[in-house]
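Commentary on secondary and tertiary structure
Letter by letter, the chains look like this.
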Amino acid sequence: MEALADAALRFREWTPTVTSWGRHLAGVLGRGGRLLACGNGGSAAEAQHLTAELVGRFETERRALAAIPLHGDTSATTAIGNDYGPLNVFARQVQAHGRPGDVLVCLSTSGTSPNVIAAAQVARRIGVTAWAVTGPGPNALAAACDEAITVDAAATSTVQEIHLAAVHLLCGVVDETLGSVE
């Protein structure tokens, strides 16, 4: 608990960034754009949690928003992995689903996941804004993205717990910016 509390206190410096991202994302989603999210393992779970909060609801009623967890389509993920290799499982989906102006959120506790880095590189190449949420920086994923939030914590579990807080903060700003349904 001490490590989590210390990491949370250090994470407060990122609140303005999360707020800025949330407002930007609300604008993208409000105009009919979409959020793509990717990660491996626990970060995949965080990516899916983020997209579920946007497609469903976070804390207030609002219209459904377009958000896709790239690992969620197991048939596409396994087919791409088989045909193009594991490096391309997310990058190929960014090519298929991403449109200029959309947002890709890349989650990685290490910041070194090759398939997440490849997705960020494709996103930037096609005009999709790429954001990284990682563990301690600097790291390759943060460098591959337009912007990054790095969590200063030694344990993977602590990084993931702070990532969940970041996801909830982001969703809260999106909801606040878009307003609730009456």
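Not measured: the values here are computed from a predicted model.

To continue, consider the packing of helix α2 (residues 15-30) against helix α8 (residues 156-178). Close contact between α2 and α8 brings their axes to 8 Å; oriented N to C, the two are set at 50°. In terms of axis orientation, α2 runs oblique to α8. Crossing handedness for the pair α2 and α8: right-handed. Across the interface between the two elements, V18, T19, W21, G22, R23, L25, A26 and G30 of α2 pack against A166, L169, L170, V173, V174, T177 and L178 of α8.

On to empty space enclosed by the protein, then. Applying the stated rule across the entire model yields one cavity of 30 Å³ or more. Of the voids in this model, the largest cavity is the one considered here, and its volume is about 80 Å³. Broken down by secondary-structure element, the contributors of at least two residues to the lining of the largest cavity are α2, β3 (103-108) and α8. In terms of residues, the lining of the largest cavity owes the most to one element, α8, which gives three residues.

This part covers the sheet that holds β3. Spatial strand order, β2-β1-β3-β4-β5: five strands in an open sheet with parallel pairing. Only two strands of the sheet have a single partner each, and these edge strands are β2 (67-69) and β5 (147-150). Strand-to-strand twist of the sheet, defined as the mean angle between neighbouring strand axes without regard to direction, takes the value 15°. Note: strand β1 (residues 35-38) against β3, four bridges, orientation parallel. Residue pairing across strands places L36 opposite L104, the latter belonging to β3. Packing against the sheet, helix α3 (residues 42-55) makes contact with β1, β2 and β3, and its axis sits at approximately 160° to β2.

About the cut-offs
- Numbering of residues starts from 1 in every chain and runs along the sequence as written.
- The model is predicted, so local features are restricted to residues of pLDDT at least 70 and side-chain atom pairs to those at 80 or more, both for listing and for counting; the totals for chains, interfaces and linings are taken over all residues.
- To obtain the side-chain values, all non-hydrogen atoms of the structure were used and water was disregarded.
- Angles here are taken between N-to-C directions and fall from 0 to 180 degrees, while the axes themselves are lines fitted to C-alpha atoms, restricted in helices to the stretch in contact.
- Strands are runs of DSSP state E lasting at least 2 residues, helices are runs of H or I lasting at least 4, and numbering of each runs from the N terminus.
- For this classification, under 35 degrees means roughly parallel, over 145 means roughly antiparallel, 65 to 115 means roughly perpendicular, and everything else is oblique.
- Each helix crossing is assigned a hand: it is left-handed if the near helix lies turned anticlockwise from the far helix by less than a right angle, otherwise right-handed if that turn is clockwise.
- What makes two residues a contact is simply this: any of their non-hydrogen atoms within 4.5 Å.
- The way it works is a 1 Å grid over only the protein atoms, where trapped points that fit a 1.4 Å probe form a cavity and open points with protein on both sides within 12 Å along at least five of seven lines form a pocket, and then any residue with an atom within 4 Å of a point lines it.
- Grid points are joined across faces, edges and corners, and a volume is the space filled by probe spheres set on the points.
- Two strands qualify as a pair provided DSSP detects at least 2 bridges between them.

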